[in-house]
Structure formats: C-alpha cells, structure tokens
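Structural description and commentary
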Amino acid sequence: MKLTGITDIQPGSRLGRAVYNAEGKLLFPAGETLTRKILAELKAWGVAAVWPAPPAEERPQPDYAGVVLPEDMMEAVRELVRGRFAEQDLKKPHIAALFDLAVELQGRISLSKPGKVVPSAKPSPAFHTGKPEPVALESLIAESAKMGTLPIIFHRLVEIINSPFASSADAAKIIATDPALSAKLLRLVNSPFYGLGTRIDTISRAVVLVGTGQLVMLAMGATLITSFKGMPVSLVSMQSFWNHSIACGVAARLLARRLGLPQPETWFVAGLLHDIGRLLIFSRLSTHALYLLTEARRRNVSVLGLEPGTLGFTHQEVGAALLRNWRCPDELAVRVGGHHAELAETAEAEKILLPVANLISQGLGYGSSGELRLHPLPASVWDTLRVAPEHLIEMCRQMDEDVREMRSLLSTGE
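Residues numbered from 1 in each chain as written. Predicted model: local features only at pLDDT ≥ 70, side-chain atom pairs only at ≥ 80, totals over all residues. Heavy atoms only, no water.

Summing up its helical and strand segments, the protein has 19 helices and four strands in all. Considering the protein as a whole, with its 414 residues, one finds that 52% of them fall into the buried category. In the protein, the proportion of contacts linking residues at least 24 apart, taken out of those at least 6 apart, comes to 74%. Working note: accessible area of the protein is about 18300 Å², and carbon and sulfur atoms make up 54% of it. (Helix = DSSP H or I, 4+ residues; strand = E, 2+ residues; numbered from the N terminus. Buried < 20%, exposed > 50% of the residue type's maximum accessible area, 1.4 Å probe, protein only. Contact = heavy atoms within 4.5 Å. Areas by Shrake-Rupley, 256 points an atom, 1.4 Å probe, with all protein chains shown as cover.)

Rendered as structure tokens:
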C-alpha cells in the first residue's frame, strides 16, 4: 500500500486507510469502494492522494494473525493477560475481543523472542516495604521544578496557545526556531498517520493544514517526551512508559475521529500525557512509588487503588495539577485529570474517550506506566462511543501500525 494520486486511482479500488479532512472529520472509512462519484467528491474536498488497499493476493497477513506457540507457553501468555484483566468481565463482548487480541499480541511478542520466559502474573514473594506517610499535593507540585528545566520553546508554545492574539504565523515562527522539533513535526504531518494526501514542506503550511491549536499541542507533547531524564530505572522504564502513552494517544485520536470530534490531535496529546503525574511521583516521591509498585505486585491489586491511601491523592490528580502549573490549556488538564474518573452510565463521550483509550492501550499491553490491572468501566461506554466489538478489533489492528509509526517518529528510545 502506497500513497497514490487521485487521478491515478481506478474506480472500483478500495481504500486502505480512512480519509479525513483537515479538521479531522471522517470523509470515507477504510474499505470504502472508490466509485467515480466518491473520487470526484475527494477531489472537491481537496484530497490529492489516498492510500488504496492492495489487491487481495498482495495483502500481508493481519498483525493479529493467529499465533502458534507450545501449549505450556501459550497458557503462560493467557495467565499473564488474565492477570491484567482480573477486574474485567470477560463475558462482555468488547472485553472478550480485547482479551483475545491481547493474548495474540503477547503471543506474537513471545514468539519473536525465542527462549525468553513469559513474565508471571502471579503475586511476587512477600517482599514488603514500610508504608510512607501521605504528602500534600501542593508540596509535590512545588517540587516539580526539580525534575529539570523544561525547554524554553515549551513555555513559548504555551504562551502562543493561551494568547487570543497569536496568529498561525506566530506559531510557525516559534516552532521554526527549533530545527529538531520542526523536522519531527514535518515527519509527523507527512506520515501515513495523518493521511493529509499532500506533501507539506514548511511549518507554515503545516500550521494552516493541521490547525494552529492542534499543531502547537503536538509540538508541546513532542517537546515533553524528550524532557524527562534521569528517572529511577528501578521504578520505570521510560521506553515502556512512552510506549504505553503513545498507544493511549493513538487510541484516543482514533476514537475522536470516529466520533467526528473537533481537533482530534488534542486528544492524541491528552493520551500522550495522561500518566505524566506518575513521572513526578517516580521522580520526587521514589519511596512512595517503590511502596506502591511492590505492594501492588505483592497483593496482586491495582496501583491506582493504593494511591489515595499512600499518597493522599492519585496520579491523575497530580497530572492535572502539573499541567495547570505549566499553564497548559485547561481542557488538557481536565482530560488528564479524568482518565480514571468513576463514570456514570450516562456519561458523555468526551468524558469517556480517554478512559476507554487507556483501557485499550493498557489491555493490549503496549508498555506500562507501572499499573498491573485494567480499571473497570461501565459497559455503556462502548454504545456511547458507537464502537461495536468488530469496530474495536478493526481499530486495534490500525493501532498496531500507528503505534509503531509514532514510536519511530517521536524517537522515544531510552
């Protein structure tokens, strides 16, 4: 599958990737047959090129093709995934589909690393650390300055996004002062992940096509990814942390686009930064973090469930407070601060989206921020998001490709 000009597409071909307009609105889904009428509509929308699906005989096997492992190894894989899903109802169609996909993905990982033993999901031996005293959230946020100085360009981007008078030219000028960031953003917007259908050679053009707010938020997220250094390796693998964060961002963006929500890139950034509060806890409260991680493993419970009694607050509250302290947009802080909120059956899509994205990314096992178990959500969330089990499977397959691409583009290696 490669990007092909609209004028070179033969009617009757199928779309290999969904097509969106510059505002993120879905025009045509993947699999749509490209009739003459649809090709004409795409031209009218200004879409210059699309990714057609290859002929059936040329299509590669799906990422989640059946995995063949020795039965004892496969049972170890199932046990590992069951531990992650311990608080989920596997009789629910969406959860069952996610569980099966997680087993296949974990099996594929195990198959790619011959001789490597599958990690056990059983509680660890009774290694026990003393429980530290809770601390004040305000004092922790005050300590955030000791994590390291954020790049100057981050603060300048915050000023741009908070200013009612800033123009797209102002945003482009600031981003262009950082050649590495500019190159990264141009790689992003020209990648299949964005599917804009036209080559973008300048940051000014990128701002116009993607939108000032969305591109600035992307720039902020890309800047923050490279800003956290020196985290205790005994507590967190930064590569694993960002793998999970990127996957959550990818899932959030896919859901936002499916719902036709405005500015889907802001949802990607919210997913990317949803666990940023944990980084502050790992950095400034390492004794508390060690207790949380070891006690959760020892008792086979969620880290999230132990946080209020250990810290006096949750990592999502830390994340929201940290983003507000940095003067990030309040909608970003609200989304991050609600990604583990207790959801009512009637909760609207905007409140559900990030918790579901987190459930999907964590369920599939894309990295980890230290959590062992999936946080349960009401069954109604899938209806609210208009996601049937077959849609979830399709989305997870798309995620696998997008996560690999974004991981490469954002260069998140340790």
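There's plenty left to go through after this.
Here we come to unusual backbone geometry. A positive phi angle, close to 50°, is found at Gln263, a residue other than glycine. With respect to the helices and strands, the residue Gln263 is situated in the loop between helix H10 (238–259) and helix H11 (264–272). For Arg327, which is not glycine, the phi dihedral falls at a positive 65°. Considering the arrangement of structural elements, one finds Arg327 in the loop between helix H15 (315–325) and helix H16 (330–337).

Another point: the packing of H10 against helix H12 (residues 276–284). In contact at an axis separation of 11 Å, H10 and H12 are set at 160° when each is read in the N-to-C sense. Comparing the axis directions of H10 and H12 gives the class roughly antiparallel. Considering how the two elements wind past one another, H10 and H12 form a crossing that is right-handed. In contact with Met238, Phe241 and Trp242 of H10, H12 contributes Ile276, Arg278 and Leu279. Partitioning the contact of H10 with H12 into residue classes produces five nonpolar, no polar and one charged. (Axes fitted to C-alpha atoms, helices over the stretch in contact; angles between N-to-C directions. Parallel < 35°, antiparallel > 145°, perpendicular 65-115°, else oblique. Left-handed = near helix turned anticlockwise from the far one by under 90°. Nonpolar A, V, L, I, M, F, W, Y, C, P; charged D, E, K, R; others polar.)

Residues Trp326, Ile360, Leu364 and Met399 are the most contacted members of the largest nonpolar core, which totals 117 residues. Ranked by residue count, the leading element in this core is H10, at 13 residues. Setting aside anything within four residues of it in sequence, one finds Trp326 in contact with Leu150, Phe154, Val158, Leu224, Phe228 and Ile276. In this structure, Ile6, Ile9, Leu39 and Val47 belong to the second largest nonpolar core, which totals twelve residues. (Core = buried A, V, L, I, M, F, W, Y, C linked by side-chain atoms within 4.5 Å.)

By the criterion of burial, H11 is predominantly enclosed, with nine of the nine residues buried. Burial in H11 covers these residues: Pro264, Glu265, Thr266, Trp267, Phe268, Val269, Ala270, Gly271 and Leu272. In this structure, the buried residues of H11 make contact with helix H8 (203–210), helix H9 (212–225), H10, H16, helix H17 (349–363) and helix H19 (389–410).

A few words now on H8. Turning to H8, its buried residues number three or more, namely Ile203, Ala206, Val207, Leu209 and Val210. Looking at the buried side of H8, the elements it contacts are helix H6 (168–176), helix H7 (179–189), H9 and H11. Gly211, located one to two residues past H8, shows a positive phi value of around 110°.

The subject of this paragraph is the environment of Thr310. Among the structural elements, Thr310 can be located in helix H14 (residues 303–311). Overall, the relative accessible area of 2% leaves Thr310 in the buried class. Taking C-alpha positions, Thr310 is 7.0 Å from His288, a pair spaced 22 residues apart along the chain. Only 2.8 Å separates the side chain of Thr310 from the backbone oxygen of Leu306, close enough to count as a polar contact. (Polar contact = N/O pair within 3.5 Å; in protein donor to acceptor, adjacent residues only side chain to side chain.)

Mapped onto the fold, His244 is located in helix H10. In this structure, His244 is in contact with His274, Asp275, Asn358, Ser361, Gln362, Tyr366, Gly367, Ser368 and Ser369, ignoring residues within four places of it in sequence.

The subject of this paragraph is the pattern of salt bridges. For the structure on display, the rule yields 14 salt bridges. One salt bridge in this structure joins Glu295 and Arg299, with 3.5 Å as the shortest N-O distance. Here Glu295 pairs with Arg299, and both are found in helix H13 (residues 286–299), just four residues apart, close to one helical turn. Taking the relative accessible area as the measure of exposure, Arg299 reaches 43% and is therefore partly exposed. (Salt bridge = Lys/Arg side-chain N within 4 Å of Asp/Glu carboxyl O.)

When its relative accessible area of 36% is taken as the criterion, Gln263 is described as partly exposed. For Gln263 and Gly213, which are 50 residues apart along the polypeptide, the C-alpha to C-alpha distance reads 8.1 Å.

Looking now at the packing of aromatic side chains. Applying the stated criterion across every chain yields a total of three aromatic pairs. Aromatic side chains Phe241 and Trp242 sit 5.1 Å apart centroid to centroid with 90° between the ring planes, which places their arrangement in the edge-to-face category. When its relative accessible area of 1% is taken as the criterion, Phe241 is described as buried. One cation-aromatic arrangement involves Arg335 over Trp267; the distance from NZ or CZ to the ring centre is 3.6 Å. (Phe/Tyr/Trp six-rings, centres within 6.5 Å; stacked < 30°, edge-to-face > 60°. Lys NZ or Arg CZ within 6 Å of the ring centre and 35° of its normal.)

A few words now on the confidence of the model for the protein. Taken residue by residue, the protein gives an average pLDDT of 84. The fraction at 70 or more is 86%. Note on residues 56–65: pLDDT under 50 across the span, and 18 contacts to partners over four residues away in sequence or across chains. (pLDDT = per-residue confidence, 0-100.)

A separate point is the side chain of Ser144. Within the element layout of this structure, Ser144 appears in the loop between helix H4 (137–143) and helix H5 (152–162). Once residues lying within four places of it in the same chain are set aside, the contact partners of Ser144 are Leu280, Leu322 and Asn325.

Here we take up the packing of H8 against H9. Between H8 and H9, the shortest axis-to-axis distance is 6 Å and the interhelical angle comes to 120°. As judged from the angle between their axes, H8 and H9 are oblique. Here Ile203, Ala206, Val207 and Val210 of H8 come into contact with H9, specifically with Thr212, Gln214 and Leu215. For the contact of H8 with H9, the residue count by class is five nonpolar, two polar and no charged.

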